[in-house]
Amino acid sequence: MPFFGAWHLRDLILSGPDPFGSTGVANVDAVGASTFTLLPEARPYRVDLPRVDPSDGDALSKEADGRRGPATAKAFIGDACDPGAAGDVEIAFSYVIRPLGSADPADNVTLHALEAEGAVQGIASAGRLIAGQSYLIVAIETSDPAVPSNEMAVCFAAGTLIATRRGPKPVETLGPGDRIQTSDNGFAAVDWVGRWRVNGMGASAPVRISAGVLGNDRPLFLSGQHRVLLRPTAGPLAGEEVLVAAKTLVGLPGVARMPCPRIEWVHVLLPAHEVIFAENARAESLLLGQQAFRIMEPVQARGLRDALSDAPLLRLPARPIVPPVKVGRLILQHRAGLGPAQVAGLQRV
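Looking at an unreviewed UniProt entry, one finds the chain named Hint domain-containing protein and attributed to Rhodobacter maris.

Okay, here's the thing in structure tokens:
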């Protein structure tokens, strides 16, 4: 069953008008006036997602109007729910937040207030939150959010061929110790492999990259958040290798969402973040940021944090990462006679 990570309100230091005190209603007085900080020792709690009709997408929650069931907490963040017991979790409302001191809209993140037992108990976010960083509430986004669960996932579809020392192997057959070919550091041994199955419809549908678009031998299927390597041919990053999320390329020639009833995703962790070869295209291995930990089972995530605490390279990206909001500008800064796909380093198909 899919799940996401959430934090209890006790994991936050709040300043200004309480943004979470009104049940089911965002506080307009908090906009531009309230901040919060995630405590350094905070750890996410697991919240399981329900099975829903494939045509409805795979969402965290919508308001309880009968169209879609709420998420279920097996070890929820609220004291009102007994540990291990089932309880209903709904997204009450959503804010737009930004790191305190930043004026760049590209830094905006959507924050969801999670309601259980009639009160807001915690938060989940649509992007990475950094412990110790203060965030300012800059806007109210919506009171009826629907969030695709696999927007938090960074993974390959089962069946994807990954280049290894022993030749291409389906990603789901990899295990700890298998040696994967990297773009920069020869063959690296796999540290950890994770798998999960989710609904593949709507906004959760995998991104299909046609054969040849990224030099791939066969169609490549990735989660929307999975980053691929591009080398822009125009603009300020011309000639530089950068990583961009697959979902930001949807609409370019040969790149589209491909809905399916169910999809199995596989995560691959190496000793450092690397560019690896998937169907002969260059894509990233798992980057252990906050978002990656959020998609893991909490006990497993804590074990990985402790085991890898002395491995800072795991948190350093193999290439500069272009935020999704800036990718559109990047690929449209094209020279006369060159289409956006060519500028992005993609071939026409």
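Asker: What is the right way to look at the overall build of the chain in this model?
Answerer: In terms of regular secondary structure, the chain is built from 4 helices and 23 strands. For the chain, long-range pairs separated by at least 24 residues make up 67% of all intrachain contacts whose partners lie at least 6 apart in sequence. Here the chain displays about 14,500 Å² of accessible surface, and carbon together with sulfur accounts for 52% of that area.

Asker: Honestly, the packing of aromatic side chains in this entry has me stumped. Any pointers?
Answerer: Here the distance between the centres and the angle between the planes together describe a pair of aromatic rings. The tally for this structure, following the rule as stated, stands at 3 aromatic pairs. Relative to Tyr95, the ring of Phe20 lies with its centre 6.1 Å away and its plane at 75°, an arrangement referred to as edge-to-face. With Phe20 in the loop between β2 (12-15) and β3 (35-38) and Tyr95 in strand β6 (residues 88-99), this pair connects stretches of sequence that are 75 residues apart. Under the relative-accessibility criterion, Phe20 is labelled buried at 4%. Ring plane angle 80° and centroid distance 5.4 Å describe the contact between Phe93 and Tyr95, whose orientation is recorded as edge-to-face. There is no split in this pair, since Phe93 and Tyr95 are both buried. By way of ring pairs, the aromatic residues Phe20, Phe93 and Tyr95 are connected into one cluster.

Asker: Could you clarify how one ought to interpret the side chain of Thr35 in this entry?
Answerer: Mapped onto the fold, Thr35 is located in strand β3. Those residues in contact with Thr35 that sit more than four places away from it in its chain are Ile13, Leu14, Ser15, Leu100, Tyr135 and Leu136.

Asker: Help me understand the pattern of salt bridges in this model?
Answerer: Where charged atoms from two side chains of opposite charge come close, those side chains can pair. Inspection of the entire model under this criterion finds 7 salt bridges. For the salt bridge of Lys169 with Asp178, the shortest nitrogen-to-oxygen distance reads 3.7 Å. Residue Glu284 is joined to Arg227 by a salt bridge in which the shortest nitrogen-to-oxygen separation is 3.1 Å. Of this pair, Glu284 sits in strand β23 (residues 281-284) while Arg227 sits in strand β18 (residues 227-230), placing them 57 residues apart in sequence. Taking relative accessible area as the criterion, Glu284 reaches 0% and is therefore assigned buried. Residues joined in a network through salt bridges with shared partners are Asp184, Arg231, Glu241, Arg282 and Arg319.

Asker: Explain a nonpolar patch on the surface to me, please; I cannot follow it from the model alone.
Answerer: Judged by side-chain polarity, Val28, Val31 and Ile140 come together as a nonpolar surface patch covering roughly 220 Å² of accessible area. Summarising the element assignment, Val28 is placed in the loop between β2 and β3.

Asker: Any chance you could explain the nonpolar core here in plain terms?
Answerer: One finds Phe156, Ile162, Ile180, Ile209, Val228, Val244 and Leu249 to be the most contacted residues of the largest nonpolar core, which totals 31 residues. Within the residue set of this core, elements represented by two or more residues are β16 (207-209), β17 (220-222), β18, β19 (242-245), β21 (260-269), β22 (275-278) and β23. Look past the residues within four positions of Leu249 in its chain and what remains in contact with it is Val228, Leu230, Val244, Val255 and Val327. Within the second largest apolar cluster, 21 residues are counted, among which are Trp7, Phe20, Ala92 and Val120.

What counts and how
Residues numbered from 1 in each chain as written. Predicted model: local features only at pLDDT ≥ 70, side-chain atom pairs only at ≥ 80, totals over all residues. Heavy atoms only, no water. Helix = DSSP H or I, 4+ residues; strand = E, 2+ residues; numbered from the N terminus. Contact = heavy atoms within 4.5 Å. Areas by Shrake-Rupley, 256 points an atom, 1.4 Å probe, with all protein chains shown as cover. Phe/Tyr/Trp six-rings, centres within 6.5 Å; stacked < 30°, edge-to-face > 60°. Buried < 20%, exposed > 50% of the residue type's maximum accessible area, 1.4 Å probe, protein only. Salt bridge = Lys/Arg side-chain N within 4 Å of Asp/Glu carboxyl O. Patch = residues over 30% accessible without salt bridge, like charges linked within 9 Å, V, L, I, M, F, W, Y side chains within 5 Å. Core = buried A, V, L, I, M, F, W, Y, C linked by side-chain atoms within 4.5 Å.

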